[in-house]
Amino acid sequence: SAMSLFRLVEFVDSRVEKISCLTVGRISHFKDRDQVFIGTEDGNIVVIDVAPVKQQARPTSGNPAMMQDSVMLMHPVGMPVLQIAVGYFIADYNAVTIACLTPKMLIMYDVQKANSDTLLLQQMYSHNLVETAFKMVFLSVSESNMHLLIMGIGASMSIYDGEQCLLSRVLSTSLHPGPVAVCAATSSIIVGSSGTVRSVKYSQLAAHSVGGKKLNFDWSVAVGDVVVDIQIAQNDTQPTIMALCRKHLVALTSGGVIRFSFDLQCIGLALKCYAQGPTSYIMSVVSTNTGAVLVLKENILMWTSHTPITAQYFDLCDARFVSILLLVENKMQMVIGYLGTEPSLYRIPIAPNRSVDYAAKKAQMAEYEEQIRMFGGSGAGLESDTAKAVRKELTASLDAGEMDNPTRAVSKHSDVPSWTVRVTLPADLRDVQVD
């Protein structure tokens, strides 16, 4: 696996109780940066504005925070919030609206500015859902008009345009609901359910009559695992359908052909795909149950970052041109930060000197040969100045402290007294010859 080069540098650490969903968007009053929209299980919509405190080239250990969060809005809905979408969901209304999906109702809000820092939500339309909702995505009709597609727990699909419900269909081939996405290039709806990824044209879904014959999908691909999330990544060449399964990531073309697959070696929890400029490859960020955030370029693992939290939801945000990462842990804590690098990893290692000084090596070998010639073998006939100097430094002393005691030497008569002789040698003496 790739080295864990990046670590999570926290900008903001906010505690929001019982988070159920998270999304990033821009409202009309603050178009220069993104806002974070959070839905809770106890029925609240929380909007957090994330903006840099000051321009700082790099955070330091003493001052790691570069950004501050401000709660711009906390609106009670009264029902658990399943999902939030931000866009132009009302035709001929040139302002961003917020769509809130609850289990039994779809509510659309208009965003109004209370003062310089806070907002207000005013309800515009609401729809009572026949079936309990499961998932919501939007279809881009034009730059200023988007339709909302809602999937129910019975695998039904309903499309809403402002105050109107355009159609409602049931996918009879799906045993249970799953993630859904919209491929704008082919006007197709991508559904992941029962270990398969299926595609159906929007026109075919609209022409299909309720209670008629079985709805035929354009294509169906078995991925062999539970589909956790589906996202559409667009690059210069063609759209790519990224399907995150529990154990691997699968990339499909818009025609249902598998481009590549990547084994996660753990359980995937969340997926975010993005295009990094005009390139022909797809960048993906995957969070896993081990706390690792994987950054992939196509099917190549580029970086791995081990975060101190396990991200159940996460998204990417660009607040005043500062790319940050949003993570939610245990549905209670939201962390806003970026994947920074350890400064110690940027130190240039000192390369060992591999050049050989052959003249010094030759002189050293000659010195070794001379020492072998002088001190090697029996050493007979060698009378060097060094040997004479060493022989003069040898000292001996006789200790007669035990003259009254018999000797303990082997094979000696017991009447011989014991004598102790101490010989002092220099520490750097290599060889000793006693005559």
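Per an unreviewed UniProt entry, the chain carries the name PTHB1 N-terminal domain-containing protein and comes from Pristionchus entomophagus.

Draft legend 1. Layout of the overall build of the chain. Helix and strand content of the chain: three helices and 30 strands. In the chain, buried positions account for 42% of the 435 residues. The contacts of the chain with a sequence gap of at least 6 include a subset with a gap of at least 24, amounting to 45%. Accessible surface, the chain as shown: approximately 23800 Å² in total, 52% of it carbon and sulfur.

Draft legend 2. Expanded view of the pairing of strand E10 (residues 133-142). Alignment of E10 against strand E11 (residues 145-152), held across eight bridges, turns out to be antiparallel. Looking at E11, one finds that phenylalanine 138 is bridged to leucine 148. Counting the residues between successive antiparallel strands, the hairpin from E10 to E11 contains two residues.

Draft legend 3. The arrangement of the packing of aromatic side chains in detail. The tally for this structure, following the rule as stated, stands at one aromatic pair. Its end group placed over the ring of tyrosine 281, lysine 297 keeps NZ or CZ at 4.3 Å from the ring centre.

Draft legend 4. Focus on unusual backbone geometry. Of note, lysine 18 is a non-glycine position whose phi angle comes to about 55°, a positive value. Of the residues examined, lysine 18 reaches a relative accessible area of 44% and is grouped as partly exposed.

Draft legend 5. The arrangement of the sheet that holds strand E25 (residues 300-306) in detail. The strand order across the open sheet formed by four strands is E22-E23-E24-E25, and the pairing between neighbours is antiparallel. Looking along the sheet, the strands with just one partner apiece sit at the ends: strand E22 (268-274) and E25. Taken over all neighbouring pairs, the strand axes of this sheet differ in orientation by 20° on average, direction set aside. Two elements, E22 and strand E23 (residues 283-288), share six bridges in a ladder whose sense is antiparallel. Looking across to E23, one finds that tyrosine 274 is bridged to methionine 283.

Draft legend 6. Expanded view of the sheet that holds strand E7 (residues 97-101). With antiparallel pairing, the four strands of this open sheet are ordered in space as E6-E7-E8-E9. Of all strands in the sheet, those with a lone pairing partner are strand E6 (83-87) and strand E9 (119-128), marking the two edges. With strand direction ignored, the average angle separating the axes of adjacent strands in the sheet is 25°.

Draft legend 7. Focus on the pattern of salt bridges. Per the stated rule, a full pass over the model turns up four salt bridges. For aspartate 34, the salt bridge identified is with arginine 26, shortest N-O distance 2.4 Å. The class of aspartate 34 is buried, set by a relative accessible area of 11%. Accessibility expressed as a relative area gives 36% for arginine 26, which makes it partly exposed. One salt bridge in this structure joins aspartate 315 and lysine 272, with 3.1 Å as the shortest N-O distance. In this pair, aspartate 315 sits in strand E26 (residues 313-318) while lysine 272 sits in strand E22, placing the two residues 43 residues apart along the sequence.

Draft legend 8. Main features of the state of the cysteines. What the rule picks out here adds up to zero disulfides. Cysteine cysteine 21 remains unbridged, with the sulfur of cysteine 100 as its closest cysteine sulfur at 7.3 Å.

Draft legend 9. A look at the confidence of the model for the chain. In the predicted model, the chain carries a mean pLDDT of 77, and 71% of its residues have values of at least 70. E7 holds the highest mean pLDDT among the elements of the chain, 94, whereas helix H3 (residues 385-393) holds the lowest, 50.

Draft legend 10. Spatial organisation of the environment of glutamine 35. Among the secondary structure elements, glutamine 35 is positioned in strand E3 (residues 35-40). A distance of 3.1 Å separates a polar side-chain atom of glutamine 35 from the backbone nitrogen of isoleucine 27.

Draft legend 11. Fine view of the nonpolar core. Within the largest apolar cluster, 20 residues are counted, with the highest numbers of intra-cluster contacts made by Ile45 and Tyr109. Breaking this core down by element, the ones donating at least two residues are strand E4 (44-52), strand E5 (67-76), E6, E7, strand E8 (105-113) and E9. The element contributing the most residues to this core is E8, with four residues. If near-sequence neighbours (up to four positions away) are discounted, tyrosine 109 is found in contact with Ile45, His75, Val77, Thr97, Ile98, Cys100, Leu121, Gln122, Gln123 and Met124. Of all hydrophobic cores here, the second largest spans 17 residues; its members include Val137, Ile159, Leu171 and Ile189.

Basis of the calculations
- Residues numbered from 1 in each chain as written.
- Predicted model: local features only at pLDDT ≥ 70, side-chain atom pairs only at ≥ 80, totals over all residues.
- Heavy atoms only, no water.
- Helix = DSSP H or I, 4+ residues; strand = E, 2+ residues; numbered from the N terminus.
- Buried < 20%, exposed > 50% of the residue type's maximum accessible area, 1.4 Å probe, protein only.
- Contact = heavy atoms within 4.5 Å.
- Areas by Shrake-Rupley, 256 points an atom, 1.4 Å probe, with all protein chains shown as cover.
- Pairing = 2+ DSSP bridges.
- Phe/Tyr/Trp six-rings, centres within 6.5 Å; stacked < 30°, edge-to-face > 60°.
- Lys NZ or Arg CZ within 6 Å of the ring centre and 35° of its normal.
- Axes fitted to C-alpha atoms, helices over the stretch in contact; angles between N-to-C directions.
- Salt bridge = Lys/Arg side-chain N within 4 Å of Asp/Glu carboxyl O.
- Disulfide = S-S within 2.5 Å.
- pLDDT = per-residue confidence, 0-100.
- Polar contact = N/O pair within 3.5 Å; in protein donor to acceptor, adjacent residues only side chain to side chain.
- Core = buried A, V, L, I, M, F, W, Y, C linked by side-chain atoms within 4.5 Å.

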